[in-house]
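# Examining the three-dimensional arrangement
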Amino acid sequence: MIQALDGMPITLAGVKSLLDTEIARITQPDLAMRIRELLVPIRCEQVGWDYGASGQTYPCWIVAHDPETNLTFSYSEHGFGPSYPWGMFWPGPEQSMGMDNCWYLSLEDVVRESVAWHGESPPGYEFG
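Right, let's walk through the structure included here. (Residues numbered from 1 in each chain as written. Predicted model: local features only at pLDDT ≥ 70, side-chain atom pairs only at ≥ 80, totals over all residues. Heavy atoms only, no water.)

### Description of the pattern of salt bridges
Filter applied, for reference: In the sections that follow, a salt bridge refers to a side-chain nitrogen of Lys or Arg positioned within 4 Å of a carboxyl oxygen of Asp or Glu. Secondary structure elements are taken from DSSP: a helix is a run of H or I of four residues or more, a strand is a run of E of two residues or more, and numbering for both begins at the N terminus. The rule is simple: take the accessible area with a 1.4 Å probe, protein chains only, and divide by the maximum for that residue type; under 20% is buried, over 50% is exposed, in between is partly exposed.
Using the criterion set out here, one finds six salt bridges in the structure. For Glu37, the salt bridge identified is with Arg34, shortest N-O distance 3.2 Å. Of this pair, Glu37 and Arg34 are both found in helix 2 (residues 29–38), three residues apart, which corresponds to roughly one turn of the helix. Take Arg34: its relative accessible area is 16%, and that puts it in the buried class. Measuring nitrogen to oxygen at the nearest pair gives 3.0 Å for the salt bridge that ties Glu108 to Arg112. Of this pair, Glu108 and Arg112 both sit in helix 3 (residues 107–112), four residues apart, roughly one helical turn. Residues joined in a network through salt bridges with shared partners are Arg34, Glu37 and Asp66.

Here it is as structure tokens:
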């Protein structure tokens, strides 16, 4: 188990519940369907953090992956979380959480801003 910032352990079941809640909030059916297409079995990986000590990593819960772009979507309460816990990065041997502009308040926001989404945003949609 990974320790959350509040000291309570984050479990696979907890991340699954967060993911289900995020998808349920999406009112645009084609976006919700696209996210469901990208879902992978949830797993936790240590991902590089470029703003700390050399070699520093944080746990990221991988929830989705786009094989076309090789883009991974994750949840983490570390790094840019808890303020912006939903992020995207390219996986690989030197994978990194990247910059703050890759982390968002919601799963909806991060997918809308990614190259994995080719649809439109509803009129007046604002990123959280």
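### Describing the packing of aromatic side chains
Note the cut-off: Put simply, two rings from Phe, Tyr or Trp (the six-membered ring, in Trp's case) pair if the centres are within 6.5 Å, and we call them stacked under 30 degrees between planes, edge-to-face over 60, tilted for the rest. Definition used: whenever NZ (Lys) or CZ (Arg) falls within 6 Å of the ring centre and also within 35 degrees of the ring normal, the charge is taken to sit over that ring.
Summed over the entire model, instances satisfying the criterion amount to six aromatic pairs. With 6.3 Å between their ring centres and 40° between their planes, Phe80 and Trp103 make a pair best called tilted. Separated by 23 residues along the polypeptide, Phe80 in the loop between strand 5 (71–75) and strand 6 (86–89) and Trp103 in strand 7 (residues 103–104) bring together distant segments of the chain. The same class applies to Phe80 as to Trp103, namely buried. Here a set of aromatic residues connected by ring pairs shows up, and it is made of Trp49, Tyr51, Tyr58, Phe80 and Trp103. The ring of Tyr125 has Arg112 sitting right over it, with the charged end atom 4.4 Å from the ring centre.

### Structural notes on unusual backbone geometry
We note that Asn70 has phi near 60°; this positive angle belongs to a residue other than glycine. Given a relative accessible area of 34%, Asn70 falls into the partly exposed group.

### Quick look at helix 2
Counted only if it meets this: When we speak of the arc, we mean the arc of directions from the helix axis to the C-beta atoms. By the convention used here, residues are in contact when the closest approach between their heavy atoms is within 4.5 Å.
Taken residue by residue, helix 2 has Leu31, Ala32, Arg34, Ile35 and Leu38 as its buried positions. Buried positions in helix 2, seen along its axis, are confined to an arc of 160° and lie on one side of it. Turned more than 90 degrees away from the buried face of helix 2 sit Pro29 and Glu37, all of them exposed. Considering only its buried residues, helix 2 is in contact with helix 1 (12–25), strand 3 (39–48), strand 4 (57–66), strand 5 and helix 3.

### Considering the side chain of Ser114
Quick reminder of the rule: Counted as a polar contact is a pair of N or O atoms within 3.5 Å, where, for protein atoms, one must be capable of donating a hydrogen and the other of accepting one, and residues adjacent in sequence contribute only when both atoms are in side chains.
If you trace the backbone, Ser114 turns up in the segment after helix 3. We classify Ser114 as buried; its relative accessible area is 6%. A distance of 3.1 Å separates the side chain of Ser114 from the backbone nitrogen of Ala116, its partner in a polar contact. The contacts of Ser114, once residues within four sequence positions are left out, are Leu71, Phe73 and Met88.

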